[in-house]
Structures are given as structure tokens and as C-alpha cells.
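Examination of the molecular architecture
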Amino acid sequence: EKVCAKRGDFTVGLKNVANPLHVSPNKIILPLLHIILGLIKQFVKTFDKDCDAMNFLKTKFPKLSSAKATEGVFIGPQLRQLSLDQHFDDTLTPVQKVAWLSFRNVCNGFLGRHKAANFESLIKSMMKNYESLGCYMSLKLHFMDSHLNFSLKISVMYLKSMVNDFIKISVR
């Protein structure tokens, strides 16, 4: 039997880590598509199983299983189709519609190719609307909320790395 030494007291405000980190926190990149898919997943999870919006999703994507639809598991092209469909907006309740429009604003003004000057207010309003909708704070929501300035730098670094990878592949 292995006997471990007792750890000292935990001090609030200090890093109480036994071992050093393997990767520097500023080198962790959460891809933008993962953030977007996590946000839509939290949004769809608040729907009732028999509401108009859920029925619309099931008819819009017939090959998507009902379990995936109720859990909000989508892929990028489906999300693009959904964001362009005006009929989806009409099936939402007023609270859901406000949250959906703020989600689209964040996707276009922060998580898209161009960053809006007011991206912080876009994210804060989306967080407020998601909270009023009853969404849980997932890791991806927390990441966006607590790392606004950091995530802007990371998203620029990620986009630059994607461009560099594309250039390397196309040169071959």
C-alpha cells in the first residue's frame, strides 16, 4: 500500500496545485466552432419537447435523431441553415427570440470573421438573455464570459494558424 504525505492547508486565493501544469494556460485554444456549438446546445436544451421550435427543428432536419435534436447536437452547416431561416424565428417565444437574436449577434460580431467594436456588450447581453432563458453555465459559456479580452487574442491566433495551415497545404 502506498502511503501519501498529508497536504498542507488550502489557502483561498492561492493556487493549491500539487503538480505544475503540463501546458501553459495561454496556449489552450478552444476552437470557435466548439464555442458556437456549445452555445446552441445550451439554447436548445431549454426548449420543451413538444414546443413549436422543437417540432420545427425535427421537421427542418429529418435525418437528425430526436435525441440529438432535444440535446441540441448540431453540426456547422445545420446551424448555418437554421440561422438563415426566418421561419425558425417565428416559432420561438419572445424570451427565446431575444436570446436567439443575441446569439446570432455574438456569432456575427465576435465569433465570426469580423470582430465588432462592441463585442463585449454583445456577449454580456447574450449572457443576460441566456440567464433569463434558464440556460446553465457550461464550460464554453464560462470561457466566453470570463475571458473576453483573452478570447479575442486567442481567436486571432487561431485564425492566423488556420490561414498558415491552409497556405502550407495549398503550397504542397
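One structure accompanies this document, and this report is about it. From a predicted model like this one, the values you see are computed outputs, not experimental measurements.

1. A closer look at the overall build of the chain
Across its full length, the chain holds nine helices and zero strands. Listing the helices and strands of the chain from first to last along the sequence gives α-α-α-α-α-α-α-α-α. Relative to its full complement of 172 residues, the chain shows a buried share of 33%. Partitioning the intrachain contacts of the chain with sequence separation of at least 6 by distance along the chain shows that 63% fall at a separation of at least 24.

2. Concerning the packing of helix 6 (residues 94-109) against helix 7 (residues 119-133)
The axes of two packed helices give the description: the angle between them and the distance between them. One can describe the packing of helix 6 onto helix 7 by two numbers: an axis separation of 9 Å at closest approach and a directional angle of 150°. It follows that helix 6 is roughly antiparallel to helix 7 by the angle criterion. Taken as a pair, helix 6 and helix 7 cross one another with a handedness that is left-handed. Contacts between helix 6 and helix 7 involve V95, Q96, V98, A99, S102, F103, N105, V106 and G109 on the former and, on the latter, F119, L122, I123, S125, M126, N129, Y130, S132 and L133. Broken down by class, the residue content of the contact of helix 6 with helix 7 amounts to eleven nonpolar, seven polar and no charged.

3. Things to note about the nonpolar core
By size, the foremost hydrophobic cluster in this structure holds 37 residues, and its most contacted members are F43, F47, L57, F88, F103 and Y130. The contacts of F47, once residues within four sequence positions are left out, are A53, M54, L57, F88, L92 and Q96.

4. Examining helix 1 (residues 32-44)
Taking 1.5 Å as the rise per residue, helix 1 with 13 residues should run 18 Å; its terminal C-alpha atoms sit 19 Å apart, in good agreement. Taken residue by residue, helix 1 has L32, I35, I36, G38, L39, I40, Q42, F43 and V44 as its buried positions.

Conventions we followed
One numbering rule holds for all chains: residues counted from 1, following each sequence as written. This being a predicted model, a pLDDT of at least 70 is required before a residue's local features are given, and a value of 80 or more before pairs of side-chain atoms are given or counted; all residues contribute to the totals for chains, interfaces and linings. Hydrogens are left out, water is left out, and the side-chain values use all remaining heavy atoms of the structure. To qualify as a helix, a DSSP run of H or I must reach at least 4 residues; to qualify as a strand, a run of E must reach at least 2; elements of each kind are numbered from the N terminus. Only protein chains enter the accessibility calculation, which uses a 1.4 Å probe. A residue is then buried if its area is under 20% of the maximum for its type, exposed if over 50%, and partly exposed in between. Only heavy atoms matter for contacts: two residues are in contact if any of them lie within 4.5 Å across the pair. The axes are straight lines fitted to the C-alpha atoms, using for helices just the contacting stretch, and the angles between their N-to-C directions are given from 0 to 180°. Reported orientations rely on four angle classes, namely roughly parallel under 35 degrees, roughly antiparallel over 145, roughly perpendicular from 65 to 115, and oblique for the rest. Here is the rule for handedness: rotate from the far helix to the near one, and if that takes an anticlockwise turn smaller than a right angle the crossing is left-handed, while a clockwise turn gives right-handed. Three residue categories are used. Nonpolar comprises Ala, Val, Leu, Ile, Met, Phe, Trp, Tyr, Cys and Pro, charged comprises Asp, Glu, Lys and Arg, and polar comprises the others, including Gly. The criterion is simple. A nonpolar core is a set of buried Ala, Val, Leu, Ile, Met, Phe, Trp, Tyr and Cys residues joined through side-chain atoms within 4.5 Å. In this analysis, the expected span of each helix is defined as 1.5 Å times one less than the number of residues it contains.

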